[in-house]
Amino acid sequence: MRSGTLRVPGATLYYEVSGAGPVLLLLPGSGGDAAVFDPILEPLAQHFTVVTIDPRGYSRSVLDPGPPADIEVEVQSEDAHLLLEHLTPEDEDAYVFGGSGGAVVALDLLARHPERLRLVIAHEPPSFGVLPDAAEHKAFVDEVYELFVTDGLAAAGARFLEGIGGGVRMPEPAELSPRAAAMIERLHANAPRNMAHELRTITSHLPDVAALAPVSDRLVLGAGRESKGKLPHRPAEALAEQLNIPLTEFPGGHSGFTDAPAEFADLLLDLLLAARVD
């Protein structure tokens, strides 16, 4: 594995690269970073040049000096585009997987820059605005944000997990390898910024269905088997219906690549390699 940085407007992005083959960019959920994909990295890197990223303002991707600002989806997708342009050979296409908030970014990337994307896989984008009861979910997210402001991160986080139907227990650093323990510490440090500056923008973002429709043959919308019936599962269902494409069921729940990494990686590779042959 090697690491690098890329200057983009307003930030310096940190990224890691493993393996060889066509470029596959993995976009983490909000507040995540490059190392969250470690459980599925090895099998993917046998077939692809796997690029993982710390999104701007998180972990090792540093914002330029200035007052704190909300993290807009369009800015993150432009970061992803610039990173792909930097790392993808001129005559090749790239592949993208995004989970949770990263799936929202991946959809925006495909809508804005489809020209060199062979396949985009968006797993459970929390685009609550596409749902028929969107107003109810906006009120829920606003409630979580207000709890963060008044009562702090722990209260807001507990309310958010309750509202989405639960989440994954974060392991204690002492249980983990040094690399994984360092990641957990970074994710804890990222959480306040995520709650203050990204939760509302990512969940309220409306994917550009009109722009996605002509390139929907390059899009896979996925959702976890274990999250069926829960809030994070529903936007993927709604978007698949709007775009008239199938919803692909993945092993595990909202964080399937950590819930069931081997099975998740197998399905992900099947989808990626099928697109590579086509």
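Calculation rules
- Residues numbered from 1 in each chain as written.
- Predicted model: local features only at pLDDT ≥ 70, side-chain atom pairs only at ≥ 80, totals over all residues.
- Heavy atoms only, no water.
- Helix = DSSP H or I, 4+ residues; strand = E, 2+ residues; numbered from the N terminus.
- Rg over C-alpha atoms; globule rule 2.2 N^0.38 Å.
- Buried < 20%, exposed > 50% of the residue type's maximum accessible area, 1.4 Å probe, protein only.
- Areas by Shrake-Rupley, 256 points an atom, 1.4 Å probe, with all protein chains shown as cover.
- Lys, Arg positive; Asp, Glu negative; His and termini not counted.
- Charge placed at Lys NZ, Arg CZ, Asp CG, Glu CD.
- Expected span 1.5 Å × (residues − 1).
- Arc of directions from axis to C-beta.
- Contact = heavy atoms within 4.5 Å.
- Core = buried A, V, L, I, M, F, W, Y, C linked by side-chain atoms within 4.5 Å.
- Salt bridge = Lys/Arg side-chain N within 4 Å of Asp/Glu carboxyl O.
- Axes fitted to C-alpha atoms, helices over the stretch in contact; angles between N-to-C directions.
- Parallel < 35°, antiparallel > 145°, perpendicular 65-115°, else oblique.
- Left-handed = near helix turned anticlockwise from the far one by under 90°.
- Nonpolar A, V, L, I, M, F, W, Y, C, P; charged D, E, K, R; others polar.

Novice: Is there a simple way to explain the overall build of the protein chain in this structure?
Specialist: Per the secondary structure count, the protein chain includes 11 helices and 9 strands. For the protein chain, whose C-alpha radius of gyration is 17 Å, the value lies close to the compact-globule estimate of 19 Å for 278 residues. Projecting the C-alpha coordinates of the protein chain onto the three principal axes gives extents of approximately 50 × 40 × 35 Å. Looking at the protein chain as a whole, 53% of its 278 residues qualify as buried. For the protein chain, the computed accessible surface area is about 12000 Å², with 55% contributed by carbon and sulfur atoms. If the 20 positive side-chain charges of the protein chain are averaged to one point and the 41 negative ones to another, these points end up 2 Å apart.

Novice: Hey, could you run me through helix α4 (residues 134-151) in this one?
Specialist: Given 3.6 residues per turn, any residue in an α-helix points the same way as the ones three and four places further on. Between the first and last C-alpha of α4 there are 25 Å, a value that for 18 residues agrees with the 26 Å anticipated at 1.5 Å per step. Among the residues of α4, those classed as buried are A134, H137, F140, V141, V144, Y145, L147 and F148. Looking straight down α4, one finds that the buried residues subtend no more than 155° of arc, so they occupy a single side. Among the exposed residues of α4, those oriented more than 90 degrees off its buried face are A135, E136, K138, V149, T150 and D151. Considering only its buried residues, α4 is in contact with α5 (153-164), α6 (178-197), α7 (199-204) and α9 (234-243). Backbone geometry just downstream of α4 places G152 in the positive-phi region, at approximately 105°.

Novice: What's the story with unusual backbone geometry in this structure? I'm lost.
Specialist: Located in the positive-phi region is S59, a residue other than glycine, with phi close to 50°. Mapping S59 onto the fold places it in the loop between β4 (49-54) and β5 (62-63). Under the relative-accessibility criterion, S59 is labelled partly exposed at 25%. Positive phi values are uncommon outside glycine, yet N244 reaches one of about 55°. For N244, the location among the structural elements is in the loop between α9 and β9 (247-250).

Novice: How should the nonpolar core be read in this particular structure?
Specialist: Side chains of nonpolar character tend, in soluble globular proteins, to be buried together. In terms of nonpolar packing, the biggest core is built from 54 residues, with L25, V96, L219 and L221 touching the most fellow members. Per-element tally for this core: the top contributor is helix α3 (residues 101-112), with 8 residues. For L219, the contacting residues outside a window of four places in its chain are L107, L110, L119, V120, A122, L243 and I245. Within the second largest apolar cluster, 27 residues are counted, among which are L26, A35, L41 and V220.

Novice: I keep staring at the pattern of salt bridges and nothing clicks. Help me out?
Specialist: Opposite charge on two side chains permits them to pair, given that their charged atoms come into close proximity. Under the criterion given, the structure shown has 18 salt bridges. D33 is the partner of R60 in a salt bridge, and the nearest nitrogen-oxygen pair spans 3.9 Å. Taken together, the residues R60 in the loop between β4 and β5 and D33 in the loop between β3 (23-27) and α1 (38-45) connect sequence positions 27 residues apart. Judged by relative accessible area, R60 falls into the partly exposed class, the value being 28%. The buried category is assigned to D33, whose relative accessible area is 0%. A salt bridge links E74 to R112; its shortest N-O distance comes to 3.9 Å. With E74 in helix α2 (residues 73-87) and R112 in helix α3, the pair connects residues that are 38 residues apart, well separated along the chain. Given a relative accessible area of 31%, E74 falls into the partly exposed group.

Novice: Help me understand the packing of α5 against α6 in this model?
Specialist: Relative orientation of the contacting elements α5 and α6 amounts to 70°, with a least axis distance of 11 Å. One way to sum up the angle between α5 and α6 is to call them roughly perpendicular. Of the two elements, α5 crosses α6, and the hand of that crossing is left-handed. Taking contact as the criterion, the partners of L153, A156 and G157 in α5 are, on α6, A191, P192 and M195. Here the contact of α5 with α6 is composed, by residue class, of 5 nonpolar, 1 polar and no charged.

Novice: I'm lost on the environment of M195 in this one. Help?
Specialist: Along the polypeptide, M195 turns up in helix α6. Overall, the relative accessible area of 8% leaves M195 in the buried class. The spatial distance from the C-alpha of M195 to the C-alpha of D151 is 13 Å, given a sequence separation of 44 residues. Ignoring sequence-local partners within four residues, the contact set of M195 consists of V144, Y145, F148, L153, A156 and G157.

Fair warning: the whole summary comes from geometry, so function is off the table for now.
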